[in-house]
Amino acid sequence: MPWGRSGSAALLLLSGRANVRAKARNPSPTEMSVEPWASPQDQAAAEHPYSTSHTASSEDQEQHPDKLCLDSFWSEVETIRQGSGYTDLECSRRDSRQSEEGEQEEQWLVDAGLSTLISEDSEDVDNAVLLSTLTRTQAEAVQRRLDSYTLSLRKRNKPAPRDVRDIFNPSISKTRLPDSHHSEDSAHNSMASLPKSPLSAVPTEHQRGAPKEEFFITDVAYCEQAVIFLKQASLPQNNSQRRKEDCTLPRVICPKCRLGVTRVQDLSHSDMKKVRQLALIDMTALCDLLELEVKRQKNSKRKNTESPLYGVPLATLLENDQKMKPNTSIPLYMQALLSFLEKKGVDSEGILRVPGSQSRIKMLQQNLETNFYSGQVSWDDVSPNDAAALLKKFIRELPAPLLTPEYLNTFSAVRDITELRQKLHMLNLLILLLPEPNRNTLKALLEFLSKVVSRERKNRMNLWAVATIMAPNLFLHKAIPSRLTEGAEKGHAEKAADVMRLLIRYQDLLWTIPNFLMSQVRKLNENSNRRYQFYDRRIKNLLRKIHTDSRDKTDKNTSELCRTVKIQLGDLVSGTLEYQLNINSRASDLLTQFQRQSLRSPDNGKGKMRRNGSVAYPDCALFEVGGNIGEHCLDPDTHLLDLFNSNSGGEWVIKLKPNAGRGL
């Protein structure tokens with residue numbers, strides 16, 4: 001494809017062919033141990049073993065919300081309509097700030113780390129580093145946003161940004177990037193080696209009766225998976241033909257690769273910033289494929305509140321609370337409500353659904369606003385229903401939605417996606433895009449809701465009931481327009497509750513970073529460390545040869561590899577540990593050796609002594625630091641030889657986990 005034809009051709013050539021080369025170095029995604037993710041219901045079954053017949057009956061009851069659930073949904077909507085000094089959610093349509101033409105695309109490019117594409121005084125190499133990690137479909141999404149931004153500038157008679165083809169010298173780009181079809185072919189080959197689930201094509205009638213099981217693949221970009229699924233299923237992209245969904249939720253199986261699972265809290269802030277940029281690009285590409293039209297909103301200005309607890313920005317609450325309790329990750333007031341409800345509310349019949357006394361709620365709120373931070377509040381006589389009402393009010397009276405003004409409508413749009421797997425893909429990316437305070441607060445809320453569902457036998461609140469009650473409190477906000485309550489009441493209530501129950505049911509899965517994003521972050525860091533190679537073809541070829549030679553030497557010595565591991569546990573222990581690697585070595589094995597050596601150390605009294613005489617450091621973990629990653633807390637099941645081959649330049653350090661000693 002000639003460079004002179006269009007900027008689109010340039011960007012397509014720049015899209016992520018690095019994935020093909022990365023797979024040659026990284027562990028194969030097919031070398032996995034398949035382990036299911038435990039759902040809240042599975043955990044509840046382990047803690048409170050029910051009979052098989054009861055479990056099946058409960059699942060049948062959860063296929064659709066009953067009339068009581070739907071009535072509660074609209075009752076909750078009406079409460080929100082009438083609360084906090086406003087009577088009509090429609091006023092938000094007039095008050096919400098509308099973006100100027102082109103403003104959304106410009107902000108999108110900024111959030112995706114591509115603002116340099118529209119900047120006059122930027123280095124071309126900055127664009128090359130990020131664009132080189134993208135897949136073909138991701139790159140097409142970037143090009144569409146850039147084209148839309150250029151068109152809006154022309155309408156406003158402003159000079160258009162530089163053409164993308166001007167960013168690179170053609171000779172460098174042509175030698176650097178393989179053919180544009182490789183991305184899709186590599187994705188297709190990866191998917192072909194993985195087990196097919198019933199949702200990979202349009203299910204037949206007899207398939208619907210098959211055991212409910214879904215495979216969740218994270219080695220291939222979600223947008224590339226969507227391309228394959230749409231082709232396999234021969235679904236029209238306008239989604240005009242939709243099958244009737246079976247509302248029972250399957251057990252989701254996530255194949256675990258040899259590098260283990262990476263959770264949100266496992267990465268450094270610098271790497272999480274890159275994860276968010278890449279997640280935004282992949283989510284946008286997925287929205288384009290599914291033809292989901294979502295516009296990001298800006299929060300309207302609101303008057304400052306006099307309450308220290310209600311109507312206060314989440315970041316402000318946390319900043320104030322961290323002065324009293326450092327490292328707390330959710331507001332102390334919400335922690336107190338959740339703690340009380342977990343102790344006295346989860347077994348209360350109709351908790352969350354049964355309204356409390358309005359007079360008592362008002363008096364309780366006034367008491368908490370006056371005395372909460374002084375510690376002079378007694379919870380002994382508080383009704384669980386009143387506390388639940390205050391919890392819901394706290395969520396919906398945040399100045400900005402908990403799901404953020406930028407992504408609230410996208411969360412709501414998930415209800416219009418047909419395939420469960422793609423719903424989970426979208427939710428996974430959206431969770432990664434949330435700011436850290438919002439993400440932590442949402443997780444704490446969902447964990448509590450999961451505990452409520454697990455006590456269904458006593459509180460009579462199943463998953464549908466909890467989801468239908470909580471959906472309006474998360475998806476409706478007076479500062480943001482919403483279509484949640486438009487149209488057929490039953491249909492919209494079910495769809496809103498469906499998104500909510502997916503968040504509750506699959507929360508552990510949704511709070512992980514997919515393998516393809518980890519690979520892209522590693523590649524992005526590698527390219528950033530070798531930025532100058534994008535300028536000179538001869539230097540680039542020389543570095544490639546040196547890298548290949550060094551990798552060959554490394555591969556020859558892997559059978560005899562010994563790693564020096566740093567130990568850094570604050571004032572507990574410091575030093576090093578020699579560890580011999582083999583093909584079966586895991587992070588958990590290294591930590592076990594560390595604990596055994598600590599037992600023989602004269603300073604072993606600093607650890608926690610077990611009854612059998614061994615010393616344990618339950619809050620320590622193995623980290624990889626540097627190389628192609630900032631800092632990464634490793635899954636205990638990480639295969640260390642594969643990790644070394646993936647990041648030979650990184651150091652291994654044993655230290656405290658990120659959340660050790662941290663508040664909720």
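The rules behind each value
- Residues numbered from 1 in each chain as written.
- Predicted model: local features only at pLDDT ≥ 70, side-chain atom pairs only at ≥ 80, totals over all residues.
- Heavy atoms only, no water.
- Helix = DSSP H or I, 4+ residues; strand = E, 2+ residues; numbered from the N terminus.
- Buried < 20%, exposed > 50% of the residue type's maximum accessible area, 1.4 Å probe, protein only.
- Contact = heavy atoms within 4.5 Å.
- Areas by Shrake-Rupley, 256 points an atom, 1.4 Å probe, with all protein chains shown as cover.
- Phe/Tyr/Trp six-rings, centres within 6.5 Å; stacked < 30°, edge-to-face > 60°.
- Core = buried A, V, L, I, M, F, W, Y, C linked by side-chain atoms within 4.5 Å.
- Pairing = 2+ DSSP bridges.
- Axes fitted to C-alpha atoms, helices over the stretch in contact; angles between N-to-C directions.
- Parallel < 35°, antiparallel > 145°, perpendicular 65-115°, else oblique.
- Nonpolar A, V, L, I, M, F, W, Y, C, P; charged D, E, K, R; others polar.
- Left-handed = near helix turned anticlockwise from the far one by under 90°.
- Expected span 1.5 Å × (residues − 1).
- Salt bridge = Lys/Arg side-chain N within 4 Å of Asp/Glu carboxyl O.

S.K.: Run through the overall build of the chain, naming residues and quoting values.
M.R.: Secondary structure assignment for the chain yields 29 helices and 12 strands. Evaluated residue by residue, the chain yields a buried proportion of 54% over its 664 residues. A fraction of 81% describes how many contacts in the chain between residues 6 or more apart in sequence connect residues 24 or more apart. With an accessible surface of roughly 30300 Å², the chain has 48% of that area assigned to carbon and sulfur atoms.

S.K.: Give a detailed account of the packing of aromatic side chains, specifying residues and quantitative values.
M.R.: Scanning all chains against the criterion turns up eight aromatic pairs. With a centroid separation of 6.1 Å and an interplanar angle of 80 degrees, the aromatic rings of Y310 and F394 are classed as edge-to-face. Taken together, the residues span a long stretch of sequence, with Y310 in the loop between α14 (269–290) and α15 (314–324) and F394 in helix α18 (residues 384–396) at a distance of 84 residues. Considered together, Y310 and F394 belong to a single accessibility category, that of buried residues.

S.K.: Summarise the nonpolar core; cite the residues concerned and give the values.
M.R.: Core analysis: the largest hydrophobic core is formed by 132 residues, its most contacted members being L352, F411, L449 and M500. Setting aside residues no more than four positions away along its own chain, L352 makes contact with A388, K392, F448, L449, V452, M461, V466, I469 and M470.

S.K.: Please set out the pairing of strand β11 (residues 629–633) residue by residue, giving values where relevant.
M.R.: In terms of strand pairing, strand β10 (residues 620–626) meets β11 through four bridges, oriented antiparallel. Bridging from a neighbouring strand, E624 pairs with H632 of β11. Connecting β10 to the antiparallel partner β11 that follows it, the hairpin turn spans two residues, and G627 within it adopts a positive phi of roughly 75 degrees.

S.K.: Give me the packing of helix α16 (residues 332–344) against helix α21 (residues 436–454): which residues, what numbers.
M.R.: In the contact formed by α16 and α21, the axes pass within 11 Å of each other and the chain directions differ by 10 degrees. Taken as axis vectors, α16 and α21 run roughly parallel relative to one another. Along its contact with α16, which presents M334, L338, L341 and E342, the element α21 presents T441, A444, L445, F448 and K451. Classifying every residue of the contact of α16 with α21 by side-chain character gives six nonpolar, one polar and two charged.

S.K.: Got a sec to walk through the sheet that holds strand β12 (residues 651–656)? Specific residues and values, please.
M.R.: Ordered in space as β7-β6-β12-β10-β11, the five strands form an open sheet in which the pairing is mixed. In this open sheet, the two strands that pair with only one neighbour each are β7 (574–580) and β11. Taking the axes of each pair of neighbouring strands and ignoring which way they run, one obtains an average angle of 25 degrees across the sheet. With seven bridges joining them, strand β6 (residues 562–568) and β7 adopt antiparallel strand pairing. Across the sheet, T564 pairs through a bridge with E578, a residue of β7. Helix α26 (residues 515–529) rests against β10 and β11 of the sheet, and its axis sits at about 145 degrees to β11.

S.K.: With reference to specific residues and values, describe the packing of helix α7 (residues 103–111) against helix α9 (residues 136–155).
M.R.: It is the contact of α7 with α9, at a shortest axis distance of 8 Å, that shows an interaxial angle of 140 degrees. With respect to their mutual orientation, α7 and α9 come out oblique. Along this stretch, α7 crosses α9, giving a crossing that reads as left-handed. Side by side, α7 and α9 meet where E105, E106, W108 and L109 of the first sit next to V142, R145, L146, S148 and Y149 of the second. Looking at the contact of α7 with α9 residue by residue, the class counts come to five nonpolar, one polar and three charged.

S.K.: Provide a residue-level description of α16, including the pertinent values.
M.R.: Taking 1.5 Å per residue as the helical rise, α16 with its 13 residues ought to reach 18 Å, and the 18 Å between its terminal C-alpha atoms agrees with that figure. Of the positions making up α16, those classed as buried are L332, Y333, M334, Q335, A336, L337, L338, F340 and L341. Close packing links the buried residues of α16 with α15, α17 (358–371), α18 and α21.

S.K.: So what's going on with the pairing of β6? Residues and values would help.
M.R.: Burial along β6 is one-sided: R563, V565 and I567 are buried, while C562, T564, K566 and Q568, pointing the other way, are not. Summarising the sheet, β6 and β12 pair through two bridges and their orientation is parallel. Across the sheet, K566 pairs through a bridge with V653, a residue of β12.

S.K.: Which residues make up the pattern of salt bridges, and what values go with them?
M.R.: Enumeration over the complete set of coordinates arrives at 18 salt bridges. A salt bridge links E651 to K566; its shortest N-O distance comes to 3.3 Å. Of the two residues, E651 is situated in strand β12 and K566 in strand β6; the sequence distance between them amounts to 85 residues. Look at E651 and you get partly exposed, because its relative accessible area is 38%. Accessibility expressed as a relative area gives 38% for K566, which makes it partly exposed. Salt bridges sharing common partners tie together K256, R586, D635 and D637.

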